[in-house]
Amino acid sequence: MGHPDEVDVIVCGGGPAGCVVAGRLAYADPSLKVMLIEGGANNRDDPWVYRPGIFVKNMQRDGINDKAKFYVDTMQSSHLRGRQSIVPCANILGGGSSINFQMYTRASASDWDDFKSPGWTAKDLLPLMKRARFFLMMRGRFFKPTNNDSHGYDGPIAISNGGTITALAQDFLRASDAVGIPFSDDIQDLDTSHASEIWAKYINRHTGRRSDAATAYVHSVMDVQSNLYLRTNARVSRVIFEGNKAVGVAYVPAKNRANGGQFKETIVRARKCVVLSSGTLGTPQILERSGVGSKGLMEKLGLNCVSDLPGVGEQYQDHYTTLSIYRVSNESTTLDDFLRGDKEVQKELFQEWEVSPEKARLSSNAIDAGFKIRPTEAELKEMGPEFNALWDKYFKDKPDKPVMFGSIVSGAYADHALLPPGKYITMFQYLEYPASRGKIHISSPDPYKEPTFDSGFMNDKADFAPIRWSYKKTREIARRMDAFRGELTSHHPHFHPASPAAARDIDIRTAKELLPNAFTVGIHMGTWHRPGEPYNPDLVHDEIKYTEEDDKAIDDWISDHVETTWHSLGTCAMKPREQGGVVDERLNVFGTENLKCVDLSICPDNLGTNTYSSALLVGEKGASLIAEELGLKIKVPHAPVPHAPIPKGVPATQQVR
Ligand SMILES: Cc1cc2nc3c(=O)[nH]c(=O)nc-3n(C[C@H](O)[C@H](O)[C@H](O)COP(=O)(O)OP(=O)(O)OC[C@H]3O[C@@H](n4cnc5c(N)ncnc54)[C@H](O)[C@@H]3O)c2cc1C
């Protein structure tokens, strides 16, 4: 069936927020024609999407993987010692939810309150948080106790502990407790800012599949109704305006492989409204190509300015990750052999997933535990004047805001071609509320031309101290784990070799067990090898002491290796126009009619969380606002989710497996 060239609502971008808006509106009224236009491919039934344990593959930058688009800093950054950072973004239906790491966390209550927008306080939003999600209550081994008051139980998004939890997670929790981070049942209660927990996942434990937004909100509706039109591999180039009223959009093929380099636009008209949900890096580009942005830029690029909004593309924010990698005992269960490409192990794990997904190792992201932390008074004193000034302004009176998140990956999150044999854990620590800001702007009206991008990473000095502090903290945790067998020195700061803080590699006993037939284990190789002490369960640890020179080595390491946490937000902020705002509290773009932005670009400030939950929430809020304006009521429960267990008496179009 061909697609209509006029519909009621057009949603541009099929990430979590866009999928929620399109699916909720289409399901609310089967006579409402909704079109969802997505730049990437359809994710439906793609095994490289729905098997949770293979998620790292979607980050391969090899010219073949088209599930991600890689934004590269246009300029070298002096804050990164001349490096250009790279921010991968989703390029597939489901957006980030089809390729992300599936870690489930939620923002703190004060994060939403700080938006200072009517209708957006945490209290206002709580019913919508519950509407989106359901927790799979576990019988047997993996029961996850949760706080019934703030989590949902009947939404289309599934959350669970996944198929397996490695013993390394419990080891991590015990070691975290030893350094002053207590265990808690549920730190996603919107309030807890200093505790650890078993980290939940966006995984449907019954089916062993990723719980992505397209399956939950879009495929579910397309299975039972015919008013949701999906266009994939189609990049929205611009919004069509009549005066300042949005009346449709133009899109082009995702890749310009034809027409002698000319681009061929297809126009679709929208009777009621146009919604931009192309993500924090996509939405501002569409706005600017449509004449909504800074007048100066429009004039420079020869575009007609529909609304002069200098805030478009500004105030780009993210969370900042550093990864430090440790050796663990040869007996540990990690994903390393699977990720490294051991054929036997891959066969075994894939087969296990096929036969019993509900308890398979691949029904997991191998990120089983984590923490949120705030510094103590004594730690604050060591964190320098820049961070202390930020602390006083931003954190001190908001006890629900953590400064850092940390989690343990059971395996090396790294290129295994560069690693010695063995088993690893990765300490994955990320800064939740960086003071640094970046920006993105189009460089041409041509939708195929790369934008000008400045990630802004570390351009505020205050951001170094908390990352340095958490590197030390996670290092202390790793050393106290029973499985700990040394540090992967290549993935640690380059301390002076004579410093007591210098990283120490695998101990000789573990190395000999690992390579029993090797002739070179333990040979004298001078400075190349600094073996650690063999494991001693009775050892009582003292904290490593760092000199100023050591701290400088950590800061250089941060500059050289800090990365995106793939949590982009903030480029079309919801705040007053005179303060650089782009949308109002109903998500209407200032100076236009019938045009809304609904994705994480609308965040005026950061959210201390892995942001999939927030994108769903912004989508739910956007859907409610539009439904209200169209005189519709959102239907709850949502359409039956394909691949989900089938509720009794409700027909579904796909069997469970
Ligand atoms: C690698 C990775 C790992 C992550 N890990 C986690 C995690 O473990 N837990 C968590 O909670 N969050 C995680 N996130 C973050 C989370 O997935 C995102 O915050 C969320 O997906 C943002 O949703 P969004 O709807 O705002 O935008 P996006 O997910 O970015 O979706 C935007 C969509 O618009 C499409 N698009 C862009 N431009 C156009 C255009 N011109 N025309 C048409 N379509 C367009 C894109 O292809 C994309 O599908 C991760 C993200 C990534 C990328």
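Reading guide: rules and limits
Residues numbered from 1 in each chain as written. Predicted model: local features only at pLDDT ≥ 70, side-chain atom pairs only at ≥ 80, totals over all residues. Heavy atoms only, no water. 1 Å grid on protein atoms, 1.4 Å probe; cavity = no way out; pocket = protein on both sides within 12 Å on 5 of 7 lines; lining within 4 Å. Points joined across faces, edges and corners; volume = space filled by probe spheres on them. Helix = DSSP H or I, 4+ residues; strand = E, 2+ residues; numbered from the N terminus. Expected span 1.5 Å × (residues − 1). Contact = heavy atoms within 4.5 Å. Core = buried A, V, L, I, M, F, W, Y, C linked by side-chain atoms within 4.5 Å. Buried < 20%, exposed > 50% of the residue type's maximum accessible area, 1.4 Å probe, protein only. Disulfide = S-S within 2.5 Å. Near = heavy atom within 4 Å. Polar contact = N/O pair within 3.5 Å; in protein donor to acceptor, adjacent residues only side chain to side chain. Areas by Shrake-Rupley, 256 points an atom, 1.4 Å probe, with all protein chains shown as cover. Nonpolar A, V, L, I, M, F, W, Y, C, P; charged D, E, K, R; others polar. Phe/Tyr/Trp six-rings, centres within 6.5 Å; stacked < 30°, edge-to-face > 60°. UniProt positions renumbered as here; feature names shortened; annotations may be inferred.

> Even after reading the chapter, I still don't get the layout of surface pockets, so can you show me in this structure?
Which parts of space are left empty comes out when a probe the size of a water molecule is rolled across the atoms. Taken as a whole, the second largest pocket holds about 1,300 Å³ of empty space. For the second largest pocket, the lining is made up of 36 residues, of which Val 56, Met 59, Tyr 413, Ala 414 and Asp 415 are closest to its centre. Going through the elements one at a time, β4 (86–90), β16 (320–328), α10 (336–340), α11 (343–355), α16 (548–561) and β23 (563–564) are the ones with two or more residues in the lining of the second largest pocket. Looking at the lining of the second largest pocket element by element, the count peaks at four residues for β16.

> Can you walk me through the environment of Leu 276 in this structure?
Within the element layout of this structure, Leu 276 appears in strand β13 (residues 266–276). Linking Leu 276 and Leu 287, residues eleven residues apart in sequence, is a C-alpha distance of 8.5 Å.

> It is not clear to me how helix α6 (residues 167–178) should be interpreted in this structure. Could you clarify?
One turn of the α-helix equals 3.6 residues, which is why residues spaced by three or four share an orientation. Taking 1.5 Å of rise per residue, twelve residues should cover 16 Å, and α6 covers 17 Å from first to last C-alpha, within 8% of that figure. Contact partners of the buried residues in α6: β7 (195–198), β16, β17 (367–373), β18 (404–409), β19 (423–431) and α14 (464–479).

> For this particular structure, what's the right way to read the nonpolar core?
Generally speaking, nonpolar side chains in soluble globular proteins are found buried as a group. If you look at the biggest cluster of nonpolar residues, it comprises 89 residues, and the most contacted ones within it are Trp 112 and Leu 287. Those residues in contact with Leu 287 that lie beyond four places of it in its chain are Leu 276, Val 292, Val 312, Cys 572, Val 582, Val 589, Leu 595 and Cys 597. Counting 59 residues, the second largest nonpolar core, distinct from the first, contains Val 87, Val 179, Tyr 433 and Val 562.

> Looking at this model, I keep getting lost on the state of the cysteines. Mind explaining?
Every disulfide links exactly two cysteines, by a covalent bond between their sulfur atoms. In this structure the tally under the stated criterion is zero disulfides. Among the cysteines around Cys 12, which has no disulfide bond, Cys 597 carries the closest sulfur, lying 9.9 Å off. Judged by its relative accessible area of 0%, Cys 12 is buried. Cys 572 supplies the cysteine sulfur nearest to Cys 305, a cysteine that is in no disulfide, at a spacing of 14 Å. For Cys 305, a relative accessible area of 25% translates into the label partly exposed.

> Help me understand the site of the ligand in this model?
In the neighbourhood of the ligand, 36 residues make up the surrounding shell, with Glu 38, Gly 96, Met 103, Val 236 and Thr 611 lying closest. Between the ligand and Gly 96, the relevant distance is 2.8 Å, taken from an oxygen atom to a main-chain nitrogen or oxygen of the residue. One of the backbone N or O atoms of Phe 101 is found 3.1 Å from a nitrogen atom in the ligand. The fraction of the free accessible surface of the ligand (1,000 Å²) that becomes covered by protein chains is 93%. Elements with a contribution of two residues or more to the shell around the ligand: α1 (16–28), β4, α3 (96–99), β11 (234–242), α8 (279–289) and α17 (612–630). Across the shell around the ligand, the residue classes break down as 16 nonpolar, 16 polar and four charged.

> Even after reading the chapter, I still don't get unusual backbone geometry, so can you show me in this structure?
Negative phi values dominate among residues other than glycine, just as trans dominates among peptide bonds. Here the amide bond leading from Val 636 into Pro 637 is cis, since omega sits at 0 degrees, within 30 degrees of zero. Looking at the secondary structure, you find Pro 637 in the segment after α17. Positive phi values are uncommon outside glycine, yet Arg 81 reaches one of about 55 degrees. By the secondary structure assignment, Arg 81 is in the loop between β3 (68–72) and β4. Owing to a relative accessible area of 49%, Arg 81 belongs among the partly exposed residues under this scheme. The phi dihedral of Asn 233 is positive, around 55 degrees, even though this residue is not glycine.

> Would you mind going over the packing of aromatic side chains with me for this structure?
Any aromatic ring pair is given by two values, namely how distant the centres are and how the planes are angled relative to each other. Tallied over the entire structure, the rule returns 30 aromatic pairs. Each ring, one from Tyr 471 and one from Trp 557, has its centre 5.0 Å from the other, and the planes form 55 degrees; the classification is tilted. One end of the pair, Tyr 471, is in helix α14; the other, Trp 557, is in helix α16, with 86 residues separating them in the sequence. Owing to a relative accessible area of 0%, Tyr 471 belongs among the buried residues under this scheme.

> What is the right way to look at the UniProt feature "domain: Glucose-methanol-choline oxidoreductase N-terminal" (unreviewed entry) in the protein chain in this model?
UniProt feature "domain: Glucose-methanol-choline oxidoreductase N-terminal" (unreviewed entry): in the numbering of this structure it lies at residues 90–113 and 279–293. Spanning residues 90–113, this segment combines 38% helix with 4% strand, and its end C-alpha atoms are found 28 Å apart. What you have in residues 279–293 is 73% helix and 13% strand, and the ends, taken at the C-alpha atoms, are 16 Å apart.

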